[in-house]
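# Overview (structure and organization)
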Amino acid sequence: MPPPAPPPPDARHAPRPCRLPGSGSGGSGHPRRRGILVALCSALLVMSVSVMAVTIALPSIAVDLHATTSQLQWITEAAVLALASLLITMGALADRFGRRRLLMAGLAVFALASLLAAVSRTPEQLIATRALQGAGNAIITPATLAIVRDIFPRPELPRALAAWGVVASLGVVLGPLTGGVLVEGFGWRSLFVANVVVLAVAALAIAYVVPADPRPRRAATGRLDVIGALLVSGAFVATVHTVIEAPHRGWFGPVTLVEAAGAAALLAAFAIRQRRARHPLLDLRMVGARSFWPAALAAATGFFALMGVLFLITQYLQDVRGHSPSQAALLLLPVAVAQLGVAPLVARMVARRGVRPTATVGLLVLASGSALMVAGIRSGQYAAVIAGVAVLAAGNAVTVNASATAMLGSAPAHRSGSAAAVNETAFKVGGSLGVAVLGGLAAAHLAARLPAHQAASISGALDAARHLGGADGARLATTATAAFTDAFAQATTITAILAAAAGTVTILLLRDPEATKGHHGS
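The model shown is predicted, which means the values in this text are computed figures rather than measured ones. (Residues numbered from 1 in each chain as written. Predicted model: local features only at pLDDT ≥ 70, side-chain atom pairs only at ≥ 80, totals over all residues. Heavy atoms only, no water.)

### Structural notes on the overall build of the protein chain
Rules: Helix numbering and strand numbering both begin at the N terminus, where a helix is a DSSP run of H or I of at least 4 residues and a strand a DSSP run of E of at least 2. Per-residue accessibility, obtained with a 1.4 Å probe over protein chains only, is compared with the maximum for each type, and a residue is labelled buried under 20%, exposed over 50%, and partly exposed between these values. Between two residues, a contact is recorded if the distance between any of their heavy atoms is within 4.5 Å. Using a 1.4 Å probe, the Shrake-Rupley method yields the accessible areas, and only the shown protein chains count as cover for residues.
Looking only at helices and strands, the protein chain features 19 helices and zero strands. A total of 522 residues make up the protein chain; the buried ones form 58% of that total. If you take every contact in the protein chain between residues at least 6 apart in sequence, the share linking residues at least 24 apart comes to 85%. Of the accessible surface of the protein chain, which amounts to about 20200 Å², a share of 66% is contributed by carbon and sulfur atoms.

### A look at the confidence of the model for the protein chain
So the rule is basically this: You can read pLDDT as the predictor saying how much it trusts each residue, on a scale of 0 to 100.
Per-residue confidence for the protein chain averages 79 on the pLDDT scale, and 85% of its residues sit at or above 70. Counting interchain partners and residues more than four positions distant, the pLDDT-below-50 stretch residues 1-26 has 50 contacts. Counting contacts from residues 515-522, a segment whose pLDDT is below 50, to residues more than four positions away or on other chains yields 17 contacts.

### Regarding the pattern of salt bridges
Note the following rule: One speaks of a salt bridge when a side-chain nitrogen belonging to Lys or Arg is within 4 Å of a carboxyl oxygen belonging to Asp or Glu.
All chains considered together, the criterion is met by three salt bridges. Of the charged contacts in the structure, one is a salt bridge between R189 and D64, with a shortest N-O distance of 3.8 Å. Placement of the pair is R189 in the loop between helix 6 (157-186) and helix 7 (190-209) and D64 in helix 2 (residues 58-65), with a sequence separation of 125 residues. D64 gets classed as partly exposed once you look at its relative accessible area, which sits at 40%. Salt-bridge contacts for R475 lead to D472; the nearest nitrogen and oxygen are separated by 2.1 Å. Taken as a pair, R475 and D472 lie in helix 19 (residues 470-509) at a separation of three residues, close to a single helical turn.

### Points about empty space enclosed by the protein
Take a probe with the size of a water molecule and roll it over the atoms, and the empty space left behind shows itself. Going by this rule: Only protein atoms enter the 1 Å grid used here, on which a cavity is any set of points holding a 1.4 Å probe that cannot leave and a pocket is any open set flanked by protein within 12 Å on both sides along at least five of seven lines; residues with an atom within 4 Å of a point are listed as lining. Grid points are joined across faces, edges and corners, and a volume is the space filled by probe spheres set on the points. Amino acids are sorted into nonpolar (Ala, Val, Leu, Ile, Met, Phe, Trp, Tyr, Cys and Pro), charged (Asp, Glu, Lys and Arg) and polar (every other residue, Gly among them).
Across all of its chains, the model carries three cavities of 30 Å³ or more by this definition. In terms of lining residues, the second largest cavity is bounded by V51, V54, T55, T76, V80, R130 and M307. Among the secondary structure elements, those contributing two or more residues to the lining of the second largest cavity are helix 1 (33-56) and helix 3 (69-97). The element contributing the most residues to the lining of the second largest cavity is helix 1, with three residues. Here the residues of the lining of the second largest cavity are counted per class, giving four nonpolar, two polar and one charged.

### Structural notes on unusual backbone geometry
Of note, the phi angle at H66 is positive, near 55 degrees, even though the residue is not glycine. With respect to the helices, strands and loops of the structure, H66 is situated in the loop between helix 2 and helix 3.

### A closer look at the nonpolar core
What counts, and what does not: Joining through side-chain atoms within 4.5 Å is the link that ties buried Ala, Val, Leu, Ile, Met, Phe, Trp, Tyr and Cys residues into a set, and such a set is a nonpolar core.
With 139 residues, the main nonpolar core has I313 and F488 as its most contacted residues. Among residues more than four places away in sequence, those in contact with I313 are L332, M373, V385, V389 and F488. Core analysis: the next-biggest nonpolar cluster, separate from the first, contains nine residues, L83, A94, I139 and A421 among them.

### Some thoughts on a nonpolar patch on the surface
To keep it simple, the criterion reads: Patch building starts from residues that exceed 30% relative accessible area and form no salt bridge, then joins like charges within 9 Å and nonpolar side chains (Val, Leu, Ile, Met, Phe, Trp, Tyr) within 5 Å.
Taken together, the side chains of W293, L297, I507, L508 and L509 make up a nonpolar region of the molecular surface, amounting to roughly 420 Å² of accessible area. Listed by contribution, the elements that provide at least two residues to the nonpolar patch are helix 12 (293-320) and helix 19. Take the nonpolar patch: its biggest share by element is three residues, from helix 19. By the element assignment, L509 lies in helix 19. Given the relative accessible area of 32%, L509 is considered partly exposed.

### What about a positive patch on the surface?
Here is the rule: The charge count includes Lys and Arg as positive and Asp and Glu as negative, but it does not include His or the ends of the chains. Lys charges are placed at NZ, Arg charges at CZ, Asp charges at CG and Glu charges at CD.
The grouping of R159, R348, R352 and R353 at the surface amounts to a positive patch. Position of R159 relative to the elements: it lies in helix 6. A relative accessible area of 49% places R159 in the partly exposed class.

### Some points on the packing of helix 12 against helix 16 (residues 382-409)
Formally: Each axis is a line fitted through C-alpha atoms, taken for helices only over the stretch in contact, and angles between the N-to-C directions span 0 to 180 degrees. Here roughly perpendicular refers to angles of 65 to 115 degrees, roughly parallel to angles under 35, roughly antiparallel to angles over 145, and oblique to all remaining angles. Two helices cross in a left-handed way if the nearer one is turned anticlockwise from the farther one by less than a right angle. They cross in a right-handed way if the turn is clockwise.
Where helix 12 meets helix 16, the axes come as close as 9 Å, and the angle between the chain directions of the two elements is 150 degrees. Compared by their axis directions, helix 12 and helix 16 come out roughly antiparallel. Here helix 12 and helix 16 pass one another in a crossing that is left-handed. Only Y382, V385, I386, V389, L392, A393, N396, T399, V400, S403, A406 and M407 of helix 16 make contact with helix 12, whose side of the interface consists of A295, A296, A298, A299, G302, F303, A305, L306, V309, I313, Y316 and L317. Across the contact of helix 12 with helix 16, the residue classes break down as 20 nonpolar, four polar and no charged.

Written as structure tokens, this is what we have:
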């Protein structure tokens with residue numbers, strides 16, 4: 001037998017694939033891949049339920065901890081920001097040191113953070129524990145998606161990702177419902193205690209069914225780019241912090257501009273570092289491909305709209321419309337049903353039409369739902385608001401599932417952890433910016449129309465109105481609800497414009513990855 005040919009010069013330092021035993025992304029796949037997918041989806045369900053449950057609890061948290069609108073944003077944002085800033089680093093670690101190892105470590109971190117959140121006594125403590133939850137989620141997410149990418153053959157990958165999307169949508173269903181029931185029955189702290197119980201079950205399932213990692217080859221994978229990790233984390237933190245604080249500092253104030261410039265400089269330094277590093281965290285050629293970055297932009301836009309609107313509508317339903325947490329959760333059921341119903345259809349749409357038209361249609365549907373919401377808010381037609389957010393959610397489900405298929409399908413096997421990390425980073429940064437921008441818009445409206453000590457949040461303003469009572473209390477309540485409603489309408493207008501613009505970019509520039517061509521079945 002002749003000796004093997006030497007590797008090409010540019011592949012000498014490329015990391016070798018770190019796959020689970022029996023995996024075969026290009027062949028028949030792992031023999032237990034469906035059971036593994038179920039176990040991994042159990043962890044995903046905990047993550048998605050936790051996000052939505054906390055969203056429905058925001059008014060209760062605001063009153064109990066005397067939190068301002070900015071602090072409520074950070075309670076929502078801290079987990080997402082920590083997640084987004086660490087995902088690329090954790091994706092690289094998963095590629096180097098094993099996906100199952102990191103997954104189990106992430107579950108432990110998330111459980112610890114949930115326990116600490118349950119005993120928080122101040123908004124600052126809750127924000128810190130939510131950041132720790134985000135760190136745990138950052139460890140979990142790229143590891144689970146990379147395992148899915150490795151154990152399923154490429155013809156089955158869109159369907160596996162569609163199943164992943166269904167579970168995420170199920171979290172949208174169960175999150176508000178369980179959140180509403182737990183908040184009313186046991187208080188908002190019970191949300192975090194419940195996380196620990198469910199995580200224990202998920203961890204047992206994963207430990208039983210997911211095979212152990214092969215021994216990593218450190219010489220092949222190279223050293224972790226610590227400088228690159230610090231640069232990309234700093235860039236994401238500075239970006240989102242700038243957007244959240246801009247309404248208070250002024251969008252064109254000196255501090256805002258300096259911090260924005262710093263975020264841009266950190267991101268540029270990260271890109272330069274990745275081009276020069278021998279073992280980069282992120283393959284910029286992969287990210288720069290037209291089968292990748294337009295899909296990432298589409299995914300970020302979808303989550304910008306969904307998370308930003310959900311942040312506002314939970315407060316709108318409870319504070320403006322006067323519903324209880326459980327009633328608000330029931331009113332959001334059409335959102336979950338829309339996502340749950342659409343997600344399984346995306347694999348067929350991709351198979352028949354391709355990634356580009358599927359993602360574009362999703363963005364246009366999302367824009368239509370936002371426009372319907374604007375009309376409903378402005379005219380006072382309550383049903384149109386609920387119908388609009390359901391259409392928006394359906395469009396988001398199509399967009400993000402098609403985008404994930406493009407990004408993961410175009411990545412080489414040895415970069416599946418990094419591709420999964422960028423995929424989730426697009427989701428989370430988009431959602432984080434959505435909450436920051438649209439929540440900042442609401443905060444600015446309240447600050448402009450209410451006295452400073454009453455403009456902390458819509459929940460705080462209405463609580464102050466109840467204590468004030470009489471005609472003065474009624475005027476305060478009317479002014480606060482009018483300001484918030486106007487901000488809500490403007491926010492959904494922004495989502496409609498952004499979704500339409502992203503749809504234009506997608507149809508013009510996104511290219512279907514070779515990995516998803518000619519392999520799909522209906």
